[in-house]
Amino acid sequence: MRLSYSSISTYETCPAKYRFQYEDRLPSAPSPALSFGDSLHRTLHRFHNRPVPVAPTLEELHGMLEHEWVSEGFRDPGEEQLYLDHARQVLSQYHRDNASSFRIPAALEHRFTVEVEGVQLSGTIDRMDRIPGGGYEIIDYKTSRRLPPKAVVDRDLQLSLYHLAAREVWGIEPERLTLYFLLPGERMTTFRTRHDTDQMRRRISIVAERIGAGKFEPRENPLCGWCDFQAACPLFRHKYEKQGGDPAPRMTDLVDEWIALKREDWDRYRRLEELRALINAFCEEHGYRRLFGSDGSAVDRRPQHVTAPDPGRVRRILEPMGLWEGVQSVDPKALSSLIESRSLPPSVEDALLASREEVRTQYALYLKDPARSRR
Ligand code: SF4
């Protein structure tokens, strides 16, 4: 199996998207963000690809940008110009911050392939520098606007993979691993230990096993709105098919009816909650346990004590009596979350699924209502 950081990351975000992109090879559309990022990477490659340790001038850097600019995916020339102007600003800042300390890199856009747990992993390291005084720093350019939390950088799979590649390909242990966020002009630097490498191997082997087992379920995520494969995705396909003429108008009527009933449910629930608060407050103030309506029926107010047993104390009491096992049980919700986390090897996941006595799968229906989430 051949994987890369991008394909692993795509699988972890959404296994269905991985299948559409890497197995089915469905075409994806160019986008302004992709062209912008690609253009900056290509320009910086040229900027650093020098035989002498003297930085090109700012004018030369801007000239490189013109030459390397990827002119695809823009809505119109106006939008493209905005992106181009922004790229110029980003590179001006890059020049301000880096020209005076310019050095010839130890490696530039270095393609590598390493084997991890039987998987051929390939990638391209943007840049590797020698650190003054010794050691190496791997640098990867990012064109996202926001900086991630440090904890995310500390376990970033791409940097872990580059760290491993540097060890396997060059036999060196990079001291610094840096994500260089070009837009804010900020670097975030981390390092990796042997324990991190072991964790990465495990992560890769789980993804590889799941791909090998054909597990490609869709996983809704914040990037769905930008996904090129919505028309093929089970979560969105129906919407696209309807745009070309509803394949089952009668079913759309039924869906509309279900949605209307569900909304009524919500409205009723909300009103019940408002009344509950008012009734409780009234009973509290006047010491009532029961309030009567006009036809003789009544609202009965009963205390409900919400308690949570302390497992340690319960165990100390029951274990000596041999009764501890009898009160232990598997929490089905926690087990479902563990299975749905997709962090388990497929064999373990299958064994856990098979261990459930209920073999029937039933589907609950939920209402996704954009109007409600906006309220
Ligand atoms: S639309 Fe969302 S759930 Fe569907 S394939 Fe794309 S990323 Fe996955």
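Residues numbered from 1 in each chain as written. Predicted model: local features only at pLDDT ≥ 70, side-chain atom pairs only at ≥ 80, totals over all residues.

**Things to note about the overall build of the protein chain**
Along the backbone of the protein chain there are 15 helices and 8 strands. Scaling as 2.2 N^0.38, a compact globule of 375 residues should have a C-alpha radius of gyration of about 21 Å, whereas the protein chain reaches 29 Å, well beyond that. Overall size of the protein chain, expressed as C-alpha extent along the three principal axes, is 95 × 60 × 50 Å. Here the protein chain holds 375 residues, and the buried ones make up 17% of them. Sequence separation of at least 24 residues holds for 63% of the intrachain contacts in the protein chain that already meet a minimum separation of 6. (Helix = DSSP H or I, 4+ residues; strand = E, 2+ residues; numbered from the N terminus. Rg over C-alpha atoms; globule rule 2.2 N^0.38 Å. Buried ≥ 20, exposed ≤ 12 C-beta atoms within 10 Å, placed from the backbone. Contact = placed C-beta atoms within 7 Å.)

**Side note on the packing of helix α3 (residues 32-48) against helix α4 (residues 58-68)**
Packed helices, taken two at a time, are described by the angle between their axes plus the distance between the axes. Here α3 crosses α4 at 130°, and the two axes come no closer than 9 Å. Put simply, α3 runs oblique to α4. The two elements α3 and α4 meet at a crossing, and its hand is right-handed. Along its contact with α3, which presents Ser 39, Arg 42, Thr 43, Arg 46 and Phe 47, the element α4 presents Leu 61, Met 64, Leu 65 and Glu 68. (Axes fitted to C-alpha atoms, helices over the stretch in contact; angles between N-to-C directions. Parallel < 35°, antiparallel > 145°, perpendicular 65-115°, else oblique. Left-handed = near helix turned anticlockwise from the far one by under 90°.)

**Comments concerning the nonpolar core**
The biggest cluster of nonpolar side chains holds 40 residues, and the ones touching the most others in it are Ile 8, Ile 138, Leu 161, Tyr 162, Ala 165 and Val 207. Among all residues touching Ile 138, those that are not within four sequence positions of it are Ile 125, Met 128, Tyr 162, His 163, Ala 166, Pro 174, Leu 177 and Thr 178. (Core = buried A, V, L, I, M, F, W, Y, C linked by C-beta atoms within 7 Å.)

**Structural notes on the domain arrangement of the protein chain**
With domains assigned, the protein chain is organised as domain 1 (2-226) and domain 2 (249-304). A straight line from the C-alpha centre of domain 1 to that of domain 2 covers 54 Å. (Domains from an automatic or database assignment.)

**Considering the site of the ligand**
Residues in close proximity to the ligand total 15 residues, the closest being Cys 14, Pro 218, Cys 224, Cys 227 and Cys 233. Across the shell around the ligand, the residue classes break down as 10 nonpolar, 2 polar and 3 charged. (Near = placed C-beta within 6 Å. Nonpolar A, V, L, I, M, F, W, Y, C, P; charged D, E, K, R; others polar.)

**Points about helix α7 (residues 157-170)**
Here α7 spans 19 Å end to end across 14 residues, near enough to the 20 Å set by a 1.5 Å rise per residue. Note on α7: the residue one or two positions beyond its end, Gly 171, has a positive phi of about 70°. (Expected span 1.5 Å × (residues − 1).)

**Concerning the environment of Arg 130**
Mapped onto the secondary structure, Arg 130 falls in strand β3 (residues 119-130). Along the primary structure Arg 130 and Ala 208 are separated by 78 residues, whereas in three dimensions their C-alpha atoms are 34 Å apart. When sequence neighbours within four positions are dropped, the list of residues in contact with Arg 130 reads Ala 106 and Tyr 136.

**Let's talk about the packing of α7 against helix α8 (residues 194-212)**
Interaxial distance between α7 and α8 falls to 10 Å at its minimum, and their mutual angle equals 110°. As summarised for this structure, α7 and α8 are arranged roughly perpendicular, according to the angle between their axes. Viewed along their axes, α7 and α8 form a crossing whose handedness is left-handed. Within the contact between the two elements, α7 uses Leu 157, Ser 160, Leu 161 and Leu 164 and α8 uses Asp 196, Thr 197, Met 200 and Arg 203. Across the contact of α7 with α8, the residue classes break down as 4 nonpolar, 2 polar and 2 charged.

**Considering the pairing of strand β2 (residues 107-116)**
Across 9 bridges, β2 lies against β3 in antiparallel orientation. The residue of β3 that forms the bridge with Val 116 is Val 119. Between β2 and the antiparallel strand that follows it, β3, lie 2 residues; Glu 117 among them carries a positive phi value of about 50°. (Pairing = 2+ DSSP bridges.)

**A closer look at the pairing of β3**
One ladder, built from 3 bridges, connects strand β1 (residues 2-4) with β3; its direction is parallel. Residue pairing in the sheet places Leu 3 in a bridge with Leu 121 of β3. Here β3 runs beside strand β4 (residues 136-142); their pairing, made up of 4 bridges, is antiparallel. Pairing of Arg 127 across the sheet is with Ile 139, part of β4. Taken together, β3 and the strand that follows it, β4, pair antiparallel across an intervening segment of 5 residues, in which Gly 133 is found at a positive phi of about 95°.

**A few points about unusual backbone geometry**
Most peptide bonds adopt trans geometry, and most residues besides glycine take a negative phi value. At Arg 25, a position not held by glycine, the phi torsion is positive, near 50°. Assignment of secondary structure puts Arg 25 in the loop between α2 (15-23) and α3. Phi is positive for Glu 117, close to 50°, though the residue is something other than glycine. Counting through the fold element by element, Glu 117 comes out in the loop between β2 and β3. Take Glu 117: there are 16 C-beta atoms within 10 Å of it, and that puts it in the partly exposed class.

**Structural notes on the environment of Gln 21**
Examined against the element boundaries, Gln 21 turns out to sit in helix α2. Put simply, Gln 21 and Thr 189 are 168 residues apart on the chain and 31 Å apart in space, counted from C-alpha to C-alpha. Non-local contacts of Gln 21, meaning those with residues more than four positions away in its chain, are made with Thr 10, Leu 26 and Ser 28.

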